[in-house]
Amino acid sequence: AGVIVSRPEVLVLDEPAAGLDPVGKRDFLKLLKKIHKSFVKTIIIVSHDMNLIAENCNQMAVFNNGEIYAQGTPETVFNLGEKLQEIGLDLPVTARLTNALKRKGITVENDFTVEGFSVALKKALEKKGGAR
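Residues numbered from 1 in each chain as written. Predicted model: local features only at pLDDT ≥ 70, side-chain atom pairs only at ≥ 80, totals over all residues. Heavy atoms only, no water.

### Quick look at the packing of aromatic side chains
Each aromatic ring pair is characterised by the separation of its centres together with the angle its planes make.
Then comes step 1: Under the counting rule described, the total for this entry stands at one aromatic pair.
Then comes step 2: Between the aromatic rings of Phe78 and Phe112, the centroid separation amounts to 5.9 Å while the plane-to-plane angle is 80°, which identifies the pairing as edge-to-face. Of this pair, Phe78 sits in helix α4 (residues 74-78) while Phe112 sits in the loop between α6 (93-103) and α7 (114-128), and the two are 34 residues apart along the sequence. (Phe/Tyr/Trp six-rings, centres within 6.5 Å; stacked < 30°, edge-to-face > 60°. Helix = DSSP H or I, 4+ residues; strand = E, 2+ residues; numbered from the N terminus.)

### Observations regarding the pattern of salt bridges
Then comes step 1: A full pass over the atoms with the stated rule returns five salt bridges.
Then comes step 2: Between Asp49 and Lys25 there is a salt bridge, with its nearest N and O atoms 2.9 Å apart. Taken together, the positions of Asp49 in the loop between β2 (42-46) and α3 (50-56) and Lys25 in helix α2 (residues 22-38) put the pair 24 residues apart, joining distant regions of the chain.
Then comes step 3: Residue class for Lys25 comes out partly exposed when judged on its relative accessible area of 24%. (Salt bridge = Lys/Arg side-chain N within 4 Å of Asp/Glu carboxyl O. Buried < 20%, exposed > 50% of the residue type's maximum accessible area, 1.4 Å probe, protein only.)

### Some thoughts on α6
Then comes step 1: Along α6, the positions that sit buried rather than exposed are Thr94, Ala95, Thr98 and Leu101. Around the axis of α6, the buried residues are gathered within 125° of arc, so they sit on the same side.
Then comes step 2: Elements that come into contact with the buried residues of α6 comprise α4 and α7.
Then comes step 3: Phi for Gly105, located one or two positions after α6, is positive at around 90°. (Arc of directions from axis to C-beta. Contact = heavy atoms within 4.5 Å.)

### Some remarks on the pairing of strand β4 (residues 67-72)
Then comes step 1: When strand β3 (residues 60-64) meets β4, the two strands line up antiparallel, connected through five bridges. Within β4, the residue paired with Asn64 across the bridge is Glu67.
Then comes step 2: Between β3 and the antiparallel strand that follows it, β4, lie two residues; Asn65 among them carries a positive phi value of about 55°. (Pairing = 2+ DSSP bridges.)

### A look at the nonpolar core
Then comes step 1: One finds Leu32, Ile53, Met60, Val62, Phe78 and Leu84 to be the most contacted residues of the largest nonpolar core, which totals 24 residues.
Then comes step 2: Listing elements by their share of this core, those giving two or more residues are β1 (10-14), α2, α3, β3 and α4.
Then comes step 3: Among the elements that take part in this core, α3 stands out by supplying four residues, more than any other.
Then comes step 4: Those residues in contact with Ile53 that sit more than four places away from it in its chain are Ile45, Ser47, Met60, Pro74 and Phe78. (Core = buried A, V, L, I, M, F, W, Y, C linked by side-chain atoms within 4.5 Å.)

### Observations regarding a nonpolar patch on the surface
Then comes step 1: Together, Val10, Val12, Ile44 and Val46 make up a nonpolar patch on the protein surface, roughly 330 Å² of accessible area in all.
Then comes step 2: Position of Ile44 relative to the elements: it lies in strand β2.
Then comes step 3: For Ile44, a relative accessible area of 40% gives the class partly exposed. (Patch = residues over 30% accessible without salt bridge, like charges linked within 9 Å, V, L, I, M, F, W, Y side chains within 5 Å. Areas by Shrake-Rupley, 256 points an atom, 1.4 Å probe, with all protein chains shown as cover.)

Pasting the structure below:
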């Protein structure tokens, strides 16, 4: 709170949602979006929570052994799938579902937010003739 009062242009947060209950996490992320629109130009989030990253970040970097292993949009990075899991990074649930559907012959556009995944899944199923 003390840092936010100083109205920084860049805000760096390490595991900002760790230990928060779902309501607290939602409210905190709403606050971050609000201050991002108001005065913080860049928010850097360090986290192992890939669901949080998929939902809230437009760029990301994955580090492994102190070096950048992958970088880009969440869609680009999460498409590395098994390579990320090999270095011990879990995928967001939407990426795991996308990969499982792909193995079943259902191709879903790569949007790993819950809302984007839902829309893409509906389109894929309609295209395949399985949803109305």
